[in-house]
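# Analysis of the macromolecular model
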Amino acid sequence: MNLDNLNLFDVAIIGAGVAGLYAVYCCGVAGLDVCIIEALGRVGGQCKALYPEKKVYGVPGFIDETACAFIEKLTVQCLAYAKEKLFSQKVTMVSKTDDFFKIETSKTTVFAKHIIIASGIGEMTPNAPNIKGLTETNSEFVQYYCMKTDLYKGKLVIVAGGGDSAVDLAINISSFAKKIFLIHRREALACEPCKLKDLEHLASHGKLEIILDTLIEEVDSARKIVKTNKREFSVDYIVFCYGFRANGSLIQGLENLGVEFENNLIKIDINTLMTTTKNCYAIGDAVTYENKKKNIVSCFFEADRAARHIVKWRKR
């Protein structure tokens, strides 16, 4: 292959969420030429798209930071290390040519000696429960985590759900909402145990009421009424935190390269973050391995380990 005028990089990173951004940093500080490709016109992935107002928990050094503010700081730290930034460009095909990967996007073609897939698990759509009166055309009264939290200032709010997302939202808006009703269908919440003390404190001060073993049966958006199997509520908003489903968007060509999948997630070697294809790595929510935990800290670990292995490989 004629290398003259070839748009060639040491590493092409697909995806500009937390994992992709930090991979840019790790590769860049190691002296590698990096190209980052993102289908959207902005960075941030789920943090920016789904819960920009949510507080970031579990990241060392960050105590009271919103996801949006966290992404802004991470972007400043990392993105400058990208030699080429290709935004609003969806990857349409990945193939191998000689010793390089050929990455075709909706607008251009680039080549790379290594690729790091940080594309997440596709477009996320909130899970909508099957409840009487609940339709896709409900008014602003019915919301799905996470909307702009300033809507809830001085308001009565039902947060439906019992996992970490529901509990985090309840805690986050407790300082300015009038009162929160946390309704869960099971007999116990499924959040991290450390958050239960915060909920108990809020409940003791009348800011929050925890309502367990309760089913939401009907939503009347016009009258702003929510009926459960135990009582009726008149509130300003109801926010469903029932999780998300992914509309998978696997990158075309990976299977032809020999990349192996498990339940639509990419299998990798935890020691190197390399897939079953030589010089092809994957990190973040796109991957699976034993005891994998989907959180920001895992993204940092995976990005750093992949970059280290690329540098080690190139020194051979």
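This is a predicted model, so every value here is computed, not measured.

## Quick word on the overall build of the protein
Per the secondary structure count, the protein includes seven helices and 20 strands. With the model as given, the accessible surface of the protein reaches about 15600 Å², and the carbon-plus-sulfur share is 47%. Measuring between centres, the 40 positive side-chain charges of the protein sit 2 Å from its 37 negative side-chain charges.

## Some words on the sheet that holds strand β10 (residues 179-183)
Within the open sheet, the five strands sit side by side as β8-β15-β9-β10-β11. Their pairing is parallel. Every interior strand has two partners, whereas the edge strands, β8 (142-144) and β11 (208-211), have only one. For this sheet, the mean angle separating the axes of adjacent strands, direction not counted, is 20 degrees. On the sheet, helix α4 (residues 164-173) packs against β9 (156-160), β10, β11 and β15 (237-240) and is oriented at approximately 160 degrees with respect to β9.

## A closer look at unusual backbone geometry
The backbone phi angle of S88 is positive, close to 55 degrees, even though this residue is not glycine. The backbone of K224 shows a phi angle near 55 degrees, a positive value even though the residue is not glycine. For K224, a relative accessible area of 36% translates into the label partly exposed.

## Section: the sheet that holds strand β12 (residues 216-220)
Taken in spatial order, the three strands line up as β12-β13-β14 in an open sheet, and their pairing is antiparallel. Edge positions in the open sheet fall to β12 and β14 (232-234), since each of these has one partner strand only. Ignoring strand direction, the axes of neighbouring strands in this sheet form an average angle of 15 degrees. Sheet analysis places strand β13 (residues 225-228) next to β14, joined by three bridges and oriented antiparallel. In the strand pairing of β14, V226 is matched with F233.

## With respect to the packing of helix α1 (residues 18-29) against helix α3 (residues 67-78)
Axis separation between α1 and α3 bottoms out at 8 Å; the angle between their running directions is 25 degrees. On the basis of their axis angle, the class for α1 and α3 is roughly parallel. Two packed elements cross with a definite hand, and for α1 against α3 that hand is left-handed. Contact residues: V18, L21, Y22, V24 and Y25 in α1; F70, I71, L74, T75, Q77 and C78 in α3.

## Here we look at the pattern of salt bridges
Applying the stated rule across the entire model yields 13 salt bridges. A salt bridge links R231 to E209; the shortest N-O distance between them is 2.7 Å. Here E209 lies in strand β11 and R231 lies in the loop between β13 and β14, a separation of 22 residues in the sequence. Between D220 and R223 there is a salt bridge, with the nearest N and O atoms lying 3.3 Å from each other. One network of salt bridges, with partners in common, ties together D164, D168 and K195.

## A few points about the packing of α4 against helix α5 (residues 194-204)
Here α4 crosses α5 at 40 degrees, and the two axes come no closer than 11 Å. The angle between α4 and α5 places the two elements in the oblique class. In this structure, the crossing between α4 and α5 has a hand that is left-handed. Taking contact as the criterion, the partners of D164, V167, D168 and I171 in α4 are, on α5, K195, D198, L199 and L202. Taken together, the residues of the contact of α4 with α5 break down into four nonpolar, no polar and four charged.

Cut-offs and rules
Residues numbered from 1 in each chain as written. Predicted model: local features only at pLDDT ≥ 70, side-chain atom pairs only at ≥ 80, totals over all residues. Heavy atoms only, no water. Helix = DSSP H or I, 4+ residues; strand = E, 2+ residues; numbered from the N terminus. Areas by Shrake-Rupley, 256 points an atom, 1.4 Å probe, with all protein chains shown as cover. Lys, Arg positive; Asp, Glu negative; His and termini not counted. Charge placed at Lys NZ, Arg CZ, Asp CG, Glu CD. Pairing = 2+ DSSP bridges. Axes fitted to C-alpha atoms, helices over the stretch in contact; angles between N-to-C directions. Contact = heavy atoms within 4.5 Å. Buried < 20%, exposed > 50% of the residue type's maximum accessible area, 1.4 Å probe, protein only. Parallel < 35°, antiparallel > 145°, perpendicular 65-115°, else oblique. Left-handed = near helix turned anticlockwise from the far one by under 90°. Salt bridge = Lys/Arg side-chain N within 4 Å of Asp/Glu carboxyl O. Nonpolar A, V, L, I, M, F, W, Y, C, P; charged D, E, K, R; others polar.

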